[in-house]
Amino acid sequence: MRSTTGWQADGATRTLRRTTLERRDLRPDDIAVRVEYCGVCHTDLHALQAHTDDANGMLVPGHEFTGVVTEVGDAVSGFTAGDAVAVGNIVDSCGTCPMCRAGQENFCREFPTLTYGGTDRQDGSTTLGGYSREYVVDHQFAYRLPAGLDPAATAPLLCAGVTVWEPLRALGVGPGSTVAVAGLGGLGHLAVKMAAALGATTTVISRTPDKADEARELGATGFVVSTDPRQLEAVRDRFDVVIDTISAPHDLAPYLRVVAMDGTLSHLGHLGPVTVDTIDLLIGRKKLSSAGSGGRSSTAAMLRFCAEHHITADVEVLPSSQVNTALERLERNDVRYRFVLDMSDLDLDY
Ligand SMILES: [Zn+2]
Ligand SMILES: [Zn+2]
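Note that the coordinates shown come from a computational prediction; the quantities given were computed from them, not determined experimentally. (Residues numbered from 1 in each chain as written. Chains lettered and ligands numbered in written order. Predicted model: local features only at pLDDT ≥ 70, side-chain atom pairs only at ≥ 80, totals over all residues. Heavy atoms only, no water.)

Re the side chain of Thr115
Then, number 1: Position of Thr115 relative to the elements: it lies in the loop between strand E7 (113-114) and strand E8 (134-138).
Then, number 2: At a separation of 3.3 Å, a polar atom in the side chain of Thr115 contacts the main-chain amide nitrogen of Ile90.
Then, number 3: The contacts of Thr115, once residues within four sequence positions are left out, are Gly62, His63, Phe65, Gly88, Asn89, Ile90, Val91, Thr127, Leu128, Gly129 and Tyr135. (Helix = DSSP H or I, 4+ residues; strand = E, 2+ residues; numbered from the N terminus. Polar contact = N/O pair within 3.5 Å; in protein donor to acceptor, adjacent residues only side chain to side chain. Contact = heavy atoms within 4.5 Å.)

Comments concerning the coordination of the zinc ion (ligand 2)
Then, number 1: Around the zinc ion (ligand 2), the donor atoms from the protein are Cys94 (SG), Cys97 (SG), Cys100 (SG) and Cys108 (SG), and they sit 2.3 to 2.4 Å away.
Then, number 2: For the zinc ion (ligand 2), the 4 donor atoms in the first shell make angles of 103 to 119° at the metal, a pattern classed as tetrahedral.
Then, number 3: In the primary structure, the donors to the zinc ion (ligand 2) are separated according to the pattern C-x2-C-x2-C-x7-C. On the criterion of sequence distance, the pair formed by Cys97 in the loop between strand E6 (90-92) and helix H2 (98-101) and Cys108 in the loop between H2 and E7 is long-range, its members being 11 residues apart. Pair check on accessibility: Cys97 and Cys108 agree, each one buried. (Donors = N, O, S within 2.8 Å, 3.2 Å for Na, K, Ca; no water. Tetrahedral: all angles 85-135°; square planar, octahedral: opposite > 155°, others 65-115°. Buried < 20%, exposed > 50% of the residue type's maximum accessible area, 1.4 Å probe, protein only.)

Describing the coordination of the zinc ion (ligand 1)
Then, number 1: Protein coordination of the zinc ion (ligand 1) is provided by Cys41 (SG), His63 (NE2) and Cys159 (SG), with donor distances spanning 2.0 to 2.2 Å.
Then, number 2: In the primary sequence, the donor residues of the zinc ion (ligand 1) line up as C-x21-H-x95-C. Of the two residues, His63 is situated in the loop between helix H1 (42-54) and strand E4 (65-72) and Cys159 in the loop between helix H3 (151-154) and helix H4 (160-170); the sequence distance between them amounts to 96 residues. The same class applies to His63 as to Cys159, namely buried.

Considerations on the pairing of strand E11 (residues 201-206)
Then, number 1: Burial of E11 is extensive: 5 of the 6 residues sit out of reach of the surface.
Then, number 2: Bridge count for strand E10 (residues 178-182) against E11 is 5 bridges, and the pairing is parallel. Across the sheet, residue Val181 finds its bridge partner in E11, namely Val204.
Then, number 3: At this point the chain moves from E10, through helix H5 (residues 186-197), to the parallel E11, and the crossover so formed is right-handed.
Then, number 4: Between the parallel elements E11 and strand E12 (residues 222-225), the chain passes through helix H6 (residues 212-218) in a crossover that is right-handed. (Pairing = 2+ DSSP bridges. Right-handed = clockwise from strand over helix to strand, strands pointing away.)

Brief notes about the sheet that holds strand E14 (residues 259-267)
Then, number 1: Spatially, the 6 strands line up as an open sheet ordered E12-E11-E10-E13-E14-E15, and their pairing is parallel. Only two strands of the sheet have a single partner each, and these edge strands are E12 and strand E15 (287-289). Put simply, the sheet's adjacent strands are angled 20° from each other on average, direction ignored.
Then, number 2: Bridge analysis of E14 against E15 gives 3 bridges, and the strand direction is parallel. Among the inter-strand pairings, Thr264 is bridged to a residue of E15, identified as Lys287. (Axes fitted to C-alpha atoms, helices over the stretch in contact; angles between N-to-C directions.)

Some points on the layout of surface pockets
Then, number 1: Of the pockets and cavities examined, the second largest pocket occupies roughly 390 Å³.
Then, number 2: Around the second largest pocket sit 23 residues that line it, and Arg24, Arg27, Asp120, Thr127 and Val136 are the ones nearest its centre.
Then, number 3: Among the residues making up the lining of the second largest pocket, the classes are represented as 7 nonpolar, 5 polar and 11 charged. (1 Å grid on protein atoms, 1.4 Å probe; cavity = no way out; pocket = protein on both sides within 12 Å on 5 of 7 lines; lining within 4 Å. Points joined across faces, edges and corners; volume = space filled by probe spheres on them. Nonpolar A, V, L, I, M, F, W, Y, C, P; charged D, E, K, R; others polar.)

Let's talk about a nonpolar patch on the surface
Then, number 1: A grouping of Ile279, Leu282 and Ile283 is seen on the molecular surface, where their side chains present a nonpolar patch of about 290 Å² in accessible area.
Then, number 2: Residue position: Ile283 is located in the loop between helix H9 (279-282) and E15. (Patch = residues over 30% accessible without salt bridge, like charges linked within 9 Å, V, L, I, M, F, W, Y side chains within 5 Å. Areas by Shrake-Rupley, 256 points an atom, 1.4 Å probe, with all protein chains shown as cover. Salt bridge = Lys/Arg side-chain N within 4 Å of Asp/Glu carboxyl O.)

Here's the deal with the domain arrangement of the chain
Then, number 1: When cut into domains, the chain gives domain 1 (2-159 + 313-347) and domain 2 (161-289).
Then, number 2: Computed from C-alpha atoms alone, the centre-to-centre distance between domain 1 and domain 2 is 29 Å.
Then, number 3: Taken together, the contact between domain 1 and domain 2 spans 13 residues of the former and 15 residues of the latter.
Then, number 4: Both faces considered, domain 1 and domain 2 share a buried interface measuring about 1100 Å² in area, 45% of it formed by carbon and sulfur atoms.
Then, number 5: In this structure, the connection of domain 1 to domain 2 is made through 2 salt bridges.
Then, number 6: Where Asp314 meets Lys193, a salt bridge forms, and the shortest distance between an N and an O atom there is 2.6 Å.
Then, number 7: The tally of links between domain 1 and domain 2 comes to 12 residue pairs in polar contact (both at pLDDT 80 or more).
Then, number 8: Across the side of domain 1 that touches domain 2, the residue classes tally to 7 nonpolar, 3 polar and 3 charged. (Domains from an automatic or database assignment. Buried area = accessible area lost by both parts, 1.4 Å probe.)

Structure follows, in structure tokens:
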């Protein structure tokens, strides 16, 4: 085993503390990555909450990170030491089920191996995430970091970015499309940038009028205040695609009503049961959909697109020692729009 440092929760409390942790020795297909930057995702908060409840084992969150290859396994030909890479929220899949064969490893029927809190397919160990200085990963689930993309601001593309990218592409968003993005957080701000760069006319739907200027800066040309029924009525049946990134449970009806005929509401921000009055689908033959994460090929395509269009996340970079502050502030939505941890302080003794 190889030893590294990281930020761990032990189940007794949600506070992460610095710890030494072990990584596996490289298998033939593995690369070792020195983690430079890791984004702080809502999933990390949920995982910490769940972990506190069950108090089992060790949790090291973090599943959107960038770094540098330090070592490669015997069978790896595509990467060499020194390459800049990025890793997202899945690190393995069965490779043979219909979803995997279709390039959607994120939907693997045998369940994709999650970057943390997952079960390694070969040795059964629990995966430990990117809030650490080193990660060992099968090279097929690492992505070359395109030149010109800032490594800190690129980290969130690997979870938040690809989660909005896949539905935008799958729903055929391009020049001439009308897209609305509901919620302007980590997912939402990237959805606005990507939809606008794809050529769509993009509108932000937000509870708070004070986000109008930010929405325009991100590339939106329209802004609708969701608490104002007149503004919602004015855009009724308007949008081919509505990307709903609101992380709290909420009523879908107002968002379905602004979907255009035969259009789709893609519900991404919140997982769990929802209630839908089918009359809101019937009128206009509207569709309700969801998505999450991305397959390997679309993750690579997303990174190429972002490099071409100079898209990265708007981030606040903190030393990794401030991870607990970042999580507390994320819980209060006090971030524009994503925290990224700089892992270099893990090299320092203390
Ligand atoms: Zn995530
Ligand atoms: Zn599979």
